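Spelled out, the chains give:
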Amino acid sequence: MTTLSEFSVSTCSGTAKKIYSAGGKTDWINITGEVQKAVASSGVREGVCVVFVPHTTAAVTVNENADPNVPRDINFALNMVSPERIEFAHSEGNSAAHVKTTLVGPSITLIVTGGKLLLGTWQGIWFNEYDGPRTRKVYVRVLGE
Amino acid sequence: MTTLSEFSVSTCSGTAKKIYSAGGKTDWINITGEVQKAVASSGVREGVCVVFVPHTTAAVTVNENADPNVPRDINFALNMVSPERIEFAHSEGNSAAHVKTTLVGPSITLIVTGGKLLLGTWQGIWFNEYDGPRTRKVYVRVLGE
Amino acid sequence: MTTLSEFSVSTCSGTAKKIYSAGGKTDWINITGEVQKAVASSGVREGVCVVFVPHTTAAVTVNENADPNVPRDINFALNMVSPERIEFAHSEGNSAAHVKTTLVGPSITLIVTGGKLLLGTWQGIWFNEYDGPRTRKVYVRVLGE
């Protein structure tokens, strides 16, 4: 049994959603609810859930859901780990964002049990924007029984 | 056909397990045997195996199983890539650990074939502790035929 | 329904394939076509596809397929994020490569729909060599309906 869902996220728009901005280009959006909804509507009770971002300057990660300073701190650190570099050759000027996508990853596989995502107490699913503002897409594949 | 298993790991306890300690807080635990056991008891012959860590300051990776200096070196490098930073705002003081979790990832998907994990000669599965000592949980979802 | 495929890649050989060389040791090989072929021959229409690298100094990532400067820039940045370090103890001298494998990851899970990989316009699948030249293996597990 399997389903495929998709939803959109609008990044770097509004103050409520903006976690930490490197020149207004980066953002973390909590997508736990949307993914949970895709799992619920799939009818799968026991299986897996793949969250996939079809972009090359964005990513998906699982990290703390409680204190907003955590995503802010991680986003800040990612900007330190992958700064703009004078040696970059890509003419669009967003290579630092592409680097972050490869470090964090555009895909994460979660476990579904009892018809719900299995997540730890503090875990949430975060869409990472590294080159916004943009309207982005997220795909959710649920597979199981 | 699918099963879900779980087991616990105790980190930063005892000298045998301690690979490399940043203030006694980080640790690498080889969990290949436990995951292999979950695969064997699932009855799945051909499929996939998702190893998932329900924590936000720990992760899972696949890397060398042979020379203990390799996990030690990687752990050392992760401390360099994600140091404590004066700009961090999260009051628990463990943001560097959260950063490592997003860089390495709390989930990895492996291949099962012939009823066993498909791993290269030098590969082992490692639980990464970034903010120990703690008792941690690992979930293993096996899915296939 | 599930299939397992494998193919080989020869890294750091020939100028056409060499994206960016750190002492001639690193390389990015576009494997999108090979993975797509494995999906097509699996007969799976709706499901998932796990690309797995059975090595500890190589990895797999999804990033831009269009401008060759993007993989070059990312590879350059990875060499900055994970340099050789005087503190490394592993006697083979390739710890920086092992670090990159843990940061980027030896496994990625993709979505299959309509019998094809679901990839964004700019996305391609890249084999990352960090310690070549070598002949490497890639496994592709396709699972679904």
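How each quantity is defined
Residues numbered from 1 in each chain as written. Chains lettered and ligands numbered in written order. Predicted model: local features only at pLDDT ≥ 70, side-chain atom pairs only at ≥ 80, totals over all residues. Heavy atoms only, no water. Contact = heavy atoms within 4.5 Å. Buried area = accessible area lost by both parts, 1.4 Å probe. Salt bridge = Lys/Arg side-chain N within 4 Å of Asp/Glu carboxyl O. Polar contact = N/O pair within 3.5 Å; in protein donor to acceptor, adjacent residues only side chain to side chain. Helix = DSSP H or I, 4+ residues; strand = E, 2+ residues; numbered from the N terminus. Nonpolar A, V, L, I, M, F, W, Y, C, P; charged D, E, K, R; others polar. Least-squares fit on C-alpha atoms with pLDDT ≥ 70 in both.

What about the interface of chain C and chain A?
Inference 1: Of the residues lining the interface, 34 residues belong to chain C; the matching set on chain A comes to 29 residues.
Inference 2: With both sides pooled, the region where chain C packs onto chain A buries about 2600 Å², and carbon together with sulfur makes up 66% of that total.
Inference 3: The interface formed by chain C and chain A holds one salt bridge in total.
Inference 4: Where glutamate 46 of chain C meets arginine 141 of chain A, a salt bridge forms, and the shortest distance between an N and an O atom there is 2.9 Å.
Inference 5: The interface formed by chain C and chain A contains 16 residue pairs in polar contact (both at pLDDT 80 or more).
Inference 6: Elements supplying a minimum of two residues to the side of chain C that touches chain A: strand S3 (47–52), strand S4 (58–64), helix H2 (69–81), helix H3 (95–104), strand S5 (107–113) and strand S8 (135–144) of chain C.
Inference 7: Here the residues of the side of chain C that touches chain A sort into 20 nonpolar, nine polar and five charged.

Re the interface of chain C and chain B
Inference 1: Contacts between chain C and chain B engage 29 residues on the former and 34 residues on the latter.
Inference 2: Summing both sides of the interface, chain C and chain B together bury roughly 2600 Å²; the carbon and sulfur share of this comes to 66%.
Inference 3: Inspection of the chain C/chain B interface yields one salt bridge.
Inference 4: Where chain C packs against chain B, one counts 16 residue pairs in polar contact (both at pLDDT 80 or more).
Inference 5: Broken down by secondary-structure element, the contributors of at least two residues to the side of chain C that touches chain B are strand S1 (2–10), S3, H3, S5 and S8 of chain C.
Inference 6: Looking at which element gives the most residues to the side of chain C that touches chain B, the answer is H3 of chain C, with six residues.
Inference 7: Of the residues belonging to the side of chain C that touches chain B, the class tally is 14 nonpolar, 11 polar and four charged.

A few points about the relation of the copies chain C and chain B
Inference 1: Least-squares fitting of chain C to chain B yields an RMSD of 0.0 Å, with the superposition described by an axial translation of 0.0 Å and a rotation of 120 degrees. Interpreted geometrically, this transformation is the action of a three-fold axis. Residue leucine 103 of chain C of chain C places its C-alpha closer to the rotation axis than any other residue of that unit, at 3.4 Å.
Inference 2: Of all interface residues in chain C, a mere 14% are interface residues in chain B too; the two copies therefore contact each other through different surfaces.

Spatial relationships are all this shows, so hold off on functional conclusions.
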